[in-house]
Structures are given as C-alpha cells and as structure tokens.
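Each chain is listed here by its residues.
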Amino acid sequence: MTNTRSIHLNILAICIALLFASCQKDATVSITSAQCEYLDNPLGLDTPQPRFNWKLNDAKDFLQKTYRIRIATDSSLLLSGTPDIWDSGMTNGQFLSSEYTGDKKLQSHQRYYWDVTVWGNKGDSCISTINMFGMGKLSQSDWVARWISDTHDKEYEPAPLFRKEFKVEKNIAHATLYISGTAYYEMFLNGERVGNSYLDPGYTHYNKRILYATHDITSLINRGGNAIGVVLGNGFYNCQSKAVWDFERADWRGRPRLLCELRITYADGTTDVIASDDTWKTNTGPYIYNNIYSGDRYDGRLEEEGWNNTGFDEKNWIAAKITDSPAPLIVSQQMPPIRITKEIKPALLKSFGDTIFVFDLKENIAGVCRLNVKGERGTTFTLQHGELLKDDGRLQPGNIDVYYRPEKPGEVFQTDIFILKGSGKQEEFTPQFTYHGFRYIEVKTDRPVTLTEDNITGLFLHTDIPQVGYFSSSNKLLNKIWAATNQSYRGNIHSIPTDCPQREKNGWTADAHIAMDLALLNFDGITFYEKWMNDFIDNQRPNGGISGIIPSSGWGFGDWPGPVWDAALFIVPNALYDYYADKRCIERLYPTMLNYLEYLKNQEKDGLLTFGLGDWVYYKAQTPNDYTSTLYYYLDYMLMARFATILGKDASMYKEKAESLKKIINDKFFNPETAVYANGTQTAQAIALYLEIVPEGKEQAVADYLQKIVAENNHFLDFGLLGSKTVLRMLSKYGYVEDAYKMATKTEAPSWGYWVETQGYTTLAETWLLSPEFHDASLNHVFMGDISAWMSSYLAGINYDISRPGFENIIIKPYFIADLEWVKGEYNSVRGKISSEWKADGKNIEMTVKIPAGSTATIYAGDNKYNVGSGEHKYRFALK
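Being a predicted model, the structure only gives us computed values, none of them experimental. (Residues numbered from 1 in each chain as written. Predicted model: local features only at pLDDT ≥ 70, side-chain atom pairs only at ≥ 80, totals over all residues. Heavy atoms only, no water.)

Enquirer: Help me understand the packing of aromatic side chains in this model?
Expert: Enumeration according to the criterion identifies 53 aromatic pairs in this entry. Taking 6.2 Å as the distance between ring centres and 50° as the angle between the ring planes, the aromatic pair formed by Phe719 and Trp752 counts as tilted. A residue pair is termed long-range when its members are at least 10 positions apart, and Phe719 in the loop between helix H13 (699–712) and helix H14 (721–733) and Trp752 in helix H16 (residues 752–758) qualify at 33 residues. This pair shows no difference in class: Phe719 is buried, exactly as Trp752 is. With a centroid separation of 6.2 Å and an interplanar angle of 75°, the aromatic rings of Phe719 and Trp768 are classed as edge-to-face. Of this pair, Phe719 sits in the loop between H13 and H14 while Trp768 sits in the loop between H16 and helix H17 (787–795), and the two are 49 residues apart along the sequence. Given the relative accessible area of 0%, Phe719 is considered buried. Overall, Trp768 belongs to the buried group, its relative accessible area being 2%. By the ring-pair criterion, three or more aromatic residues cluster together here, those being Tyr203, Tyr206, Phe236, Tyr237, Trp245, Phe247, Trp252, Tyr293 and Tyr403. Over the face of the ring belonging to Tyr198 we find Arg193, whose NZ or CZ atom lies 4.3 Å from the ring centre. (Phe/Tyr/Trp six-rings, centres within 6.5 Å; stacked < 30°, edge-to-face > 60°. Helix = DSSP H or I, 4+ residues; strand = E, 2+ residues; numbered from the N terminus. Buried < 20%, exposed > 50% of the residue type's maximum accessible area, 1.4 Å probe, protein only. Lys NZ or Arg CZ within 6 Å of the ring centre and 35° of its normal.)

Quick look at the structure:
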C-alpha cells in the first residue's frame, strides 16, 4: 500500500508546474530539461552540494541574466511559495548551472523537490517543471546494513544466494533500496527482479572504493509478507581463471559479499530498515560458475522453486556470515547503469547437423544472448561467442582469445552454458554476471535438438548514457563510418571506458583520451567519466605513478605504457571542462596530478621522457616514442597551468616548465629549414600542430609538408592511434580539407572505409589489417574513431569555444567539400540543442544554424564571420 494522498498531491503539483511552464503569457523561452548531478530525478546522491543544470530551447536572442533555485521536502511547498530547504533568491549569472549552497545540511535518505526559474535580457522568464532528487549515504556511519557472505572461500565456484523475509503492516509512502555487491548482484523482491540494470555495481579498485546502487522499490512491496532474494557474481572482484592481466592475483580477491539496506518510509512518517546481517540465510544453487572472461554456467536442475519469494522452506539454508567491509569507501554509483539498450534477432542461422548451430546477428555488439528452449532434463546448451567465422562457417575465436589462460576443464573463452531442468515448458536463460563481444553465436548441444532464429536474442548491454549527438551527410560511406564508431563506443562503455568488450575489457587510458571528443560530441558522459577519474585517484601509487589500465590489480605500472597513456589524467578532466564548464573533476584530481608530475620529474633524461608507447598500432611509419612521450609531457604542464588558473592558483611554474619543454622538443626534433618534425611521419607533423608546439610563423610550412607526404602516399593513411586523432584535423585546419576528405573516404586498406565498406564490419577494428594468425585483431575497438568527431566538428562545424567553455559561446565553422551535397550535425549540449546543416545549391551554399537560448555563437559562413545570439540563423553564399 502507498500513501495515495501524498502521491496525488505531488502529481498535481507537477501538472500545475508543467501548465505554468508552458502557458506563460508571451513566453518564448522554455526550460527543456532540468537535472541534478546531470541526472534525471536521481536517487542515492552522496554529495553534500549537489549540482543543478538546466537547458533552454532556441528562443531568439535570449540570454539568461538571473536565475532562482528552490528546494523543498514536498512539492506542494514549492507551489505555495514556501520552500523549506533553500531559496537561492534571484542570482545573477549566465551559467545554466549552480550548486547547493544553502545553510541547511541535506539529510541522508531524504527526498527533495526542486525547480528553477530564469529571467532573460528582455524581461521574459520561464520556470521548470518540479524535479526530485534523493540523498543516499552522506556518511559511512549512515549504514545500518552489514557486509555478509557465506562460509565458502574464494575458489568455490557456485555463486552465493541470500534471502530474507520481512513483514509490512502499515501504509507506505516510499521505499528505497541501497545495495552493493562484490562484484555483481542480481536482486529479487517477492520473486520480481529489481531494476533493469546489469553488472551492478560498477567496476572499481575494490580494496579502495566500492559503489552502491539505489532503487525505488515502493511498487514491489506487499502489505504483509515480503521476501528479498539476492545472488552474487564474481566479476573482476574474484577472477577464478587466469589471463595475462593478473586479476586472479589481485589483492582485493575474495568470496563475493553483499551489503543490502531497504528503508521503508511509512505514511505516518515512521521508518523501518531491513538490513543485511547474520539473520539472513544463504545457500548455493543453479549459478554453478561465472567468470567475466569465459562466461556463466547455469544448471536448471539445481533450481529451488520460490527461493526468492515468501513461504519458501529454508531449512537447508544456513545463516549468513558477517564480514569486514572490502574497502574504506562505499560510495554512490552516480551514473546511468548498464542496461539492455537493444534486442537483436539473428538474421541468419546455419546448422551443422542437429547439435551445432551458428547464428549471425549481422552486427557486432557487446552483451549476452537470451536463450529460450525446451527439452529433456539435463540437455546442455553451450553458447560460444565471437566476431569471425572460419572458412567452413564455424566460429573463429582466434582473434580474441589470445590472452586467456584457461587451466580448468571446460573453461572456454566467451562461453555460456545452460543445462535444462526439463520442466516440459519453455525455459529461459540470460547470463547475469558476464558480457561478451560478438556478432556470431555457435550453439552446441549434447543431444539432438531443433533450433530456429526464434530461440536466440542478442542483447546489447552497455552503460546507458544518453546519445546527444548525430551526424549525416550525402556520403553514405561517411555515415557508415560514423555509425560504426558509435557502435564501437557503445560496446566499450561498461562502467569504465574499455578497449574491447571481448578479449580484455580493460580501461586502457590512451584509448579513452583519444576518444574523448567523439565520446562527448555524441554522448552525455560527464557522470561516466567522473566515476572513472575517481578510479585514477585510487589507482595512483605512493610514488605518483599510475598504470596503463585503470582499474588495475597491479598490472601496467612502470615504463610501459608510459606518458602518452597517462595523459588521460589531464585530458579527460580538461575535456569535461570544455564541454560542461564544470571544474569539480579538476578539483578532485588536482592533488593526483601534482603527485604524478613529481613522479615524471624523476624520469627525465636531459629534459626528455624516453620511455613509453607512442603511435600505437601504426600502419608502416613508426614515429619516435621519445618525441611523442615528451610532447605529452609538455601537454600535461600546459593543462596543469590551465587548471591552476581555473582554480585560482599560481600557474607560473607550470607555464615556465611547459615553455622549457617546448624549447627542448623543438631544438631536438624540429628542422626549421625543411619544416620536418622527428622523422617526418604523418603523425609527427600533425601532432606538433595539434599540440601547438610549432614555432610561431612555421605552422603553415609544417602543415604543407604534412599535405605533401599524404598526397605522395596517394592519400592513404600511414599512422596509428595518435595520427588517427590529429592528421585529418590538422589537414583541415590549415587549408587541406579536401585532402583530409580523400583520406577519410578511401575504401582500400589501410582505411576506415576498408573496414566498414570492403570488409563489412559494423564496428571499428583494432588494426588496419587482420594478421594471418588473428593475433591482436579485435574487431571492436574505438580508439581509431576520432574521425567521427572530425565529421561533427569540421564538416558540420560544431565546436566549443575554449575561452567560454560549456558552449556558452558556440563556434560554428564548417568546411565545405566539393564532393558533398549536404551535411547535417546536431548536438544536445549542456546548454541545449545545437544544429548545423548545409547543402550545396549549384555553386552556392545554403546554411542553417540553430543556437539554444542562453548561448551566443560565432558563425563562419563563407568569407564572413558573424557574432549572433540564440535562435535560427540562415546564410547563403558562393562556394569557392
């Protein structure tokens, strides 16, 4: 039961606010969304000063002058004009964001309601709808629940199950669940699965920080008897098989543990807490094995009907064991969870007799399969996943299983096993504690069966951050490359940005920082990356060093991968500031950055850094690593100077060091007579321009040489990771956009077009060519994908203004290609929706730009430059 009066009042309040927001007399501006901590109506916040942001429509020439935020414990108090928590008053400012600065301390477990009103430069105003946010655990001492486990050790394979029954006798206002597991949990309340998230909580350094998730479970609680059921998976916390990254030797390894607290607030204001402790019961069941790299095994014959519901006979279950907390920090997971975002039916099925079947989804995804079958008791279905087929049509796992080191019988990479209980009815199996990267599924059975395409459904699983950017053009190849890039990106966000969803699943730092622009131009990723940057804090060693994969159990520290990879520590917070004008990540990371720069000082040799990886996975031309490592060392100091300025600190020492490094690099690696950097590769030229290290007046000469070597190579690319970020951008910037376009639209190897057009890949490959042995040849890597950001920023022309971050001022500067008839770009920024499109009309260009209210723009149209306000702007000019 719920308190219907309270619910009706809140619904009425929201409806009235919606009506007010949409019906103000002569109102032209409106608030299209309002968020707390960049989330819609979030629960479980554990920051004492939540951030608020709002977006506006594209009302003509509207600029916000003042705003007012109000917070109350009930929405009716906002409607009556008597907020009991905070009223910011009319606050001057053009930023469409603020944070809580009220005198009243926000309380753990409390739900709050808020709205925002803005006033503009012409006297017009608008108010948002009423929004909600709920606080989680503001202090570790707020936990009533205890960590529990069973009596088995970390090598025991069946997954632990837990259950607890409780009663509810009063009317409920709302009920909130706070839950964490090491590594993953699946929870049921009265037999119903709680939430639509998977692989929760997110992956962290489990001995430093563990996340908890928050769910509103009001609708799942019954008047009378209730039952909680939880099963825990291993994930990266308890790797029970071997791979090259040593997770089986991690200091944090242990038997999975559970922390679960259900707080019920009744209509009369009283509260009950059902918390994990030694009164909970535990056992094992059908989840007989799970591993993040190999897969899940489920034996339906071991199911105990109703184990997660009321009235179950638990006489064979034992008391749970109270354990210590695995980490000193238990913090809220304040990013969208991993969810199923797409269900895909196989397009093709090929059978090899009546025990082997190969399904083709026609697209490469990250996730699992849902299997629906029926048959004899004990029938075993083995599902192996992969990206390639052998010549005979069977699965080829050789390109992705190279780093897995199985030792136990039956361990096979990316393989799930389901054993039927033989109920005579259709039985369903969806793996809960793993995910795979795959296009093909090979299903093998231990006895003859009949299967069709209806028996398998591919489930695309990834962190469900909203897509906010889109690109299309008259060139179908560019559109395919853009789509493949986005498919790869989605397939590589699983609470951390990964390199690939099959072979490694690791948070490689350079892969992520090279992909930052394509990420943030297409997805609203601030909460996702803020979480990952906390992992950097936990990863740093006392000497200041960080590893090349984060999180890490200890693998990847030292001279390899090195400074180019480690630069993610600076590049990611900088990108968040450019795109969101939010400095909180910089504030948190600043001490970590200081420690890291001290670490690098001790690694210098004559001012250079001579270790680490550089232009990884290059085609033929290798750029010297001491050049690229020292360049990124310079970048670290340039960004550190910027961060110091943003935070109001002294930046002079960082600027001086950056200038010193710039001189060292140019003295050693630049020939001013030939305008050649290092050994004159495409990467060497482009990265010097991109990082703005070229001596003043020499920039065009360096770009001219870059164009020369590209043209001499018949416009084929010849670079790796770093070149993929810089070459197209710098060709375009310095007058050679047609050369960049020729390079981008090649369909012979090496090229992006070779992958998506000639080979038919739906995601981006790791290497420009597959090696004959299939070694190191994943077909789902995103780190060569900045070409899609190039499309948005250079062809559609949508860019932030570094001097006015967060799209306070927007730079629209498209480059026009003779071969293109039209281009459309759209980006729903932190301030609202930006769009830029153009089409060729004979020898003229027609260009339409839309700027959200609250922003200004600098628009380059032909030879002219326009400084404009919000709204729609149209231009027509001759194409040169």
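Enquirer: Sorry if this is basic, but what is going on with the nonpolar core here?
Expert: Note that soluble globular proteins tend to have their nonpolar side chains buried in a common cluster. Counting residues in hydrophobic clusters, the biggest one holds 218 residues, and the most contacted among them are Tyr489, Tyr529, Tyr632, Tyr677, Trp752, Trp755 and Met847. A per-element tally of this core places helix H10 (residues 625–646) first, with 13 residues. (Core = buried A, V, L, I, M, F, W, Y, C linked by side-chain atoms within 4.5 Å.)

Enquirer: What is the right way to look at the sheet that holds strand S24 (residues 318–319) in this model?
Expert: Sheet strands pair via backbone hydrogen bonds, and the direction of the pair is either parallel or antiparallel. Here six strands make up an open sheet; going across it, the order is S14-S13-S17-S11-S21-S24 and the pairing antiparallel. Of all the strands in the sheet, just strand S14 (192–193) and S24 have a single pairing partner and so form its edges. Of the strand pairs in this sheet, strand S21 (residues 281–284) and S24 are connected by two bridges, and their pairing is antiparallel. Residue pairing for S24: Lys281 is matched across the bridge by Ala319. (Pairing = 2+ DSSP bridges.)

Enquirer: Mind showing me how you'd approach unusual backbone geometry here?
Expert: In this structure, Pro201 follows Asp200 across a cis peptide bond, with omega equal to -5°. Residue Trp560 is joined to Pro561 through a cis peptide bond whose omega torsion reads 15°. Positive phi is not limited to glycine here, since Asn41 has a value of about 45°. Position of Asn41 relative to the elements: it lies in the loop between strand S1 (31–36) and strand S2 (51–56). In the Ramachandran plot, His715 falls in the positive-phi region, its phi being about 60° despite a non-glycine side chain.

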